[in-house]
Amino acid sequence: MNPETPTGLDPATAAQRLRDEGPNELGVSQRRTLQGMAWEVVREPMFLLLLGAGAVYLAMGDAHEALILLGFVVIIMTITVLQERRTDNALEALRDLSSPRALVLRGGQTLRIPGREVVREDVLLLAEGDRVPADGELLQAHELATDESMLTGESEAVAKQLPGERMFAGTLVVRGQGVMRVTATGRRTELGRIGQSLQTIELQASPLREEVARLTRRLVMIGLTLCLALTLLFWALRGGWLDAILAGITLAMGILPQELPVIMIVFLALAARRLAGQQVLTRRLNAIETLGQTTVLCVDKTGTLTENRMAVAALAVGEQTLDLRNLAPAGLPEPFHELLEYAVLASEIDPHDPMERAFHALAGEQLEGTEHLHPQWTLAREYELTPQLLAMSHLWRSTTLGHEVVATKGAPEAVAALCHLPDAHRDQLAAQADRMADSGLRVLGVARARHHPGSDWPENQHDFDFEWVGLVGLADPLRAEVPAAVAQCRRAGIRVVMVTGDHPRTAAAIAAQAGIESTSVLTGDDIAAMDAPALAQRVATVNIFARVKPQQKLALVQALKAQGEVVAMTGDGVNDAPALKAAHIGIAMGQRGTDVAREAAALVLLQDDFSSIVQAIARGRRTFANLRQAMVYTLAVHVPIVGLALLPVLFGLPLVLAPLHIAFLELVIDPACSLVFEAEEGSADLMAQPPRRTTEPLLSGWHVALSLVQGGLVTAVVVGLYTWVLGQDVPAGMASTVAFVVLVTANAALIVPSRSSQTPWRSLWSGFTPVSLWVLGGTLLALTAITTVPPLARAFGFAPLAAAHWLAAVAVGLSLLVPFHLSKTVLHGLRQRMVRPGRRTPLP
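Residues numbered from 1 in each chain as written. Predicted model: local features only at pLDDT ≥ 70, side-chain atom pairs only at ≥ 80, totals over all residues. Heavy atoms only, no water.

### Section: the pairing of strand β4 (residues 135-147)
Taken residue by residue, a regular strand's side chains alternate between the two faces of the sheet.
Next, step 1: With 10 bridges connecting them, β4 and strand β7 (residues 172-184) associate as antiparallel partners. The residue of β7 that forms the bridge with Q140 is V179.
Next, step 2: Bridge analysis of β4 against strand β6 (residues 166-167) gives 2 bridges, and the strand direction is antiparallel. When the bridges of β6 are listed, G136 appears paired with M167.
Next, step 3: As defined by bridge partners, β4 adjoins strand β5 (residues 158-160) across 3 bridges and the pair is classed as antiparallel. Across the sheet, L144 pairs through a bridge with K160, a residue of β5. (Pairing = 2+ DSSP bridges. Helix = DSSP H or I, 4+ residues; strand = E, 2+ residues; numbered from the N terminus.)

This is how it looks when you write it as structure tokens:
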């Protein structure tokens, strides 16, 4: 790149322009308006049933009851809209985080900013893998090419070499580097005029969503059938078609599972927001449900397991090896100056790569003032590293020399091949590189060549007459938290697989430090020599892959998937995108990753840290476990509602529940499911259990059985107590009040043992979150108000109870805590005895 790059806008000017012209956004909002959310709620079956019940009350001449019901309609609608708004806020924050980033020059400083903050006349630095954030004109280019298929439909890359050529927002840099000046942003770009949207985070089709949809459809069909049957039965037994319709509506409201899809989207959206707080961005919400199934975690070494903080640790020239970690105060010995000189010449002028920055840093310390630094030389030609040749070369032009200088660096075996060394010399260098790699160093070879200015530049690096210079060893310390995180993965039944481009011995040394065990090391050449079945067989036992080219990651992912593994794969480059897309969970590196890698991934690490991945897996397991408990609870509390709507009609008893009562119960159930269970910390041993099987449903037969048993207990107690109270010549209003108090109290008590799949007696009352206490307290307070405050009690059709009777009803409901817990314990024991020994089984 030309060193005379413009300094860019002044930061104050850029900030003012952002305020004047607005953010760099397309103006195609994915955010739902309050009116849109309200309209969605109006179309919900529960809302329509409430309106239908109000209409029946009006037809019966009971305007007071209709108005109260309408008040509940407003309350439920408000709570639902606020909940939807909360979910949308979480998703909107994720969209902002996942928007393309831009490397911009402001006041001579290079800054990485969100793409939405780019303004007109900004100077942008583009590199391979970047998404162009705005329209502009090219200022400088080096072998630059972009993919403009999203605008033109043409898949072939378009070369951009001439200053003044147009660059377009949304296109992808597939090769080279460039500098551009922005001419249009947001809706004023070509893409903005087309009106497309680049980013979307939405809940796409997934096994979990499909399962919940199937369960919802089945319950809806059952509810509609029972509703029609009860309406006809009521009309046949008691007459009065309006009363029959009300009874049918009450049953339908009690059995319709409108909470289930809401609970699922709330859980996933809030889990994504919590992950963002842990520096893990969720680009696809479905990845959260897959996290708990992950069996293999494929990670890069550099920057993920290690700190990506390179330092030159050793230099080798001829038979001499110098350990720089014990460098004497006298400085770098003269024989090693040339090696460091050519390592710098083979690097970028203003490097971003940690290894190249390490070369520049050491040269600045040790070669300053010597003839081995050449700031006056001009970089004339670059030969990029390719999958076929793991080496890169720079050709330099000097006004004082009669020839051009070529410097190369890369994998020792690749550089040795460029030097056309005899086999014996290659073997000697390989042994020397192996000794350095055994200590965990990343080893590079360095060579030099001359080129005469009168002849054409070769197209291939092999055409230069290279001379071997030496080896450079770089240390990249292992992150302190990695061994513990790897051990945690092992306890959780997750294989950690290291995939790196480093030397096999370096990879093995770092893996040993991290605690990654493997029977052997497989190299990229080994992978290339295998067919798919052979590779699938080998990956079952190998956990270290070295000298792997980015394209070979895809083959690894496919081989692991062929073994039935659920694969999470990390990546950061353009060539990693196919593997990230093929993996069940693609994880892009946010700090050093390209935009194309981020777009292909389901998760983005905002801090390139291995422990963040492990925390995300734990969060995925916790979310699924809490979602399962919420679903079990939801089904359980609907059982007594259905029983109290159906059984009085069958046995000729006065009705207990009216639509107004169901509306109140919905106000209790929704917060309990979406707030209490989502906020639970989950079982302490979640990361000590094996991964969830891909065939395992959210709700198995055992979970449904637990819901039916616990709901049946409440139904039996409430209906039995209601019948007994009526038999004592107590007015029906008072009996229904007792039944309702017991019902609500029992539902609240059921939350306590349902918070976790396994809760021992001694810890049953511990671990309550503030949200749980607020919901439980609010429920009991609201129950007290509607059953003891005369105006509210009359509105609900309740008769006032003596304090002793009210407390006795509450005690009966709370006493069900014992059979709730016993039923869960008994069912869990039965299930464990029926499961074959050694089979993986999640806890109910």
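Right, picking up where we left off after that structure.
### What about the confidence of the model for the protein chain?
The predicted coordinates of low-pLDDT regions are not to be read in fine detail.
Next, step 1: Looking at the protein chain, the pLDDT average stands at 81 and 82% of residues meet or exceed 70.
Next, step 2: In the predicted structure, residues 836-844 sits below a pLDDT of 50 and forms 24 contacts with residues beyond four places in sequence or in another chain. (pLDDT = per-residue confidence, 0-100. Contact = heavy atoms within 4.5 Å.)

### Points about the sheet that holds strand β22 (residues 603-605)
In sheet architecture, strand pairing relies on hydrogen bonds along the backbone and comes in two forms, parallel and antiparallel.
Next, step 1: Strand order in the open sheet made by the 8 strands is β8-β22-β21-β20-β9-β17-β19-β18, with mixed pairing throughout. Every other strand in the sheet has two partners, leaving β8 (280-282) and β18 (521-523) as the edge strands with one partner each. Strand-to-strand twist in this sheet, taken as the mean axis angle between neighbours without regard to direction, amounts to 20°.
Next, step 2: In the sheet, strand β9 (residues 296-300) pairs with strand β17 (residues 495-499) via 5 bridges, with the strands oriented parallel. Counterpart to V299 in the pairing with β17 is M498.
Next, step 3: On top of the sheet, helix α17 (residues 504-514) reaches β17, β18 and β19 (544-546); it is set at about 150° to β19, its chief contact. (Axes fitted to C-alpha atoms, helices over the stretch in contact; angles between N-to-C directions.)

### With respect to the pairing of strand β21 (residues 585-589)
Next, step 1: The element β21 is extensively covered by neighbouring structure, given that 5 of its 5 residues are classed as buried.
Next, step 2: In this structure, strand β20 (residues 567-571) lies alongside β21, joined through 4 bridges in parallel fashion. Its bridge partner lying in β21, G571 is registered against A588.
Next, step 3: Inspection of the sheet shows β21 paired to β22 by 3 bridges, in the parallel sense. Of the residues in β22, the one forming a bridge with A588 is V604. (Buried < 20%, exposed > 50% of the residue type's maximum accessible area, 1.4 Å probe, protein only.)

### Here we look at the side chain of T506
Next, step 1: Mapped onto the elements, T506 comes out in helix α17.
Next, step 2: Looking at T506, the relative accessible area reads 1%, which means it is buried.
Next, step 3: There is a polar contact of 2.4 Å between the side chain of T506 and the backbone oxygen of L441. (Polar contact = N/O pair within 3.5 Å; in protein donor to acceptor, adjacent residues only side chain to side chain.)

### Regarding helix α20 (residues 550-562)
Next, step 1: Regarding α20, the residues found buried are Q552, K553, L556, V557, A559 and L560. All buried residues of α20 fall inside an arc of 165° around its axis, so they share one side.
Next, step 2: G564 sits one or two residues past α20 and shows a positive phi near 85°. (Arc of directions from axis to C-beta.)

### A closer look at the sheet that holds strand β11 (residues 320-323)
Next, step 1: Read across the sheet, 7 strands follow the order β11-β10-β16-β15-β14-β13-β12 without closing on themselves; strand pairing throughout is antiparallel. With one partner strand each, in any of the chains shown, β11 and β12 (378-383) form the two edges of the open sheet. Within this sheet the neighbouring strands show an average axis-to-axis angle of 25°, counted without direction.
Next, step 2: Across the face of the sheet, helix α15 (residues 423-438) comes into contact with β10 (311-317), β11, β15 (442-451) and β16 (467-475) while running at roughly 15° to β16.

### Describing the environment of I662
Next, step 1: By secondary structure assignment, the location of I662 is in helix α24 (residues 659-676).
Next, step 2: Note on I662: relative accessible area 0%, which makes it buried.
Next, step 3: Considering only alpha carbons, one finds I662 and I641, 21 residues apart in sequence, at a separation of 7.9 Å.

### A few points about the packing of helix α12 (residues 337-345) against helix α13 (residues 354-366)
The axes of two packed helices give the description: the angle between them and the distance between them.
Next, step 1: Across the interface, α12 lies against α13 with an axial gap of 9 Å and an inter-helix angle of 135°. By the criterion of interaxial angle, the relationship of α12 to α13 is oblique. Crossing of α12 against α13: the hand is left-handed. Between α12 and α13, the residues in contact are L340, A343 and V344 and F359, H360, L362 and A363, respectively.
Next, step 2: Partitioning the contact of α12 with α13 into residue classes produces 6 nonpolar, 1 polar and no charged. (Parallel < 35°, antiparallel > 145°, perpendicular 65-115°, else oblique. Left-handed = near helix turned anticlockwise from the far one by under 90°. Nonpolar A, V, L, I, M, F, W, Y, C, P; charged D, E, K, R; others polar.)

### Some thoughts on the packing of aromatic side chains
Next, step 1: Tallying each qualifying case throughout the model produces 5 aromatic pairs.
Next, step 2: Both rings, one in F464 and one in F466, keep their centres 5.8 Å apart while their planes meet at 65°; by these two values the pair is edge-to-face.
Next, step 3: F466 gets classed as buried once you look at its relative accessible area, which sits at 3%.
Next, step 4: Where F740 meets F798, the ring centres are 5.0 Å apart and the plane angle is 40°; that geometry is what we call tilted. Residue F740 is located in helix α26 (residues 732-754), and its partner F798 is located in the loop between α28 (790-795) and α29 (803-815); the two are separated by 58 residues in the primary sequence. Neither residue differs from the other here; F740 and F798 are each classed as buried.
Next, step 5: Here a set of aromatic residues connected by ring pairs shows up, and it is made of Y383, F464 and F466.
Next, step 6: A cation sits over an aromatic face here: R381 above Y383, 4.4 Å from the ring centre. (Phe/Tyr/Trp six-rings, centres within 6.5 Å; stacked < 30°, edge-to-face > 60°. Lys NZ or Arg CZ within 6 Å of the ring centre and 35° of its normal.)

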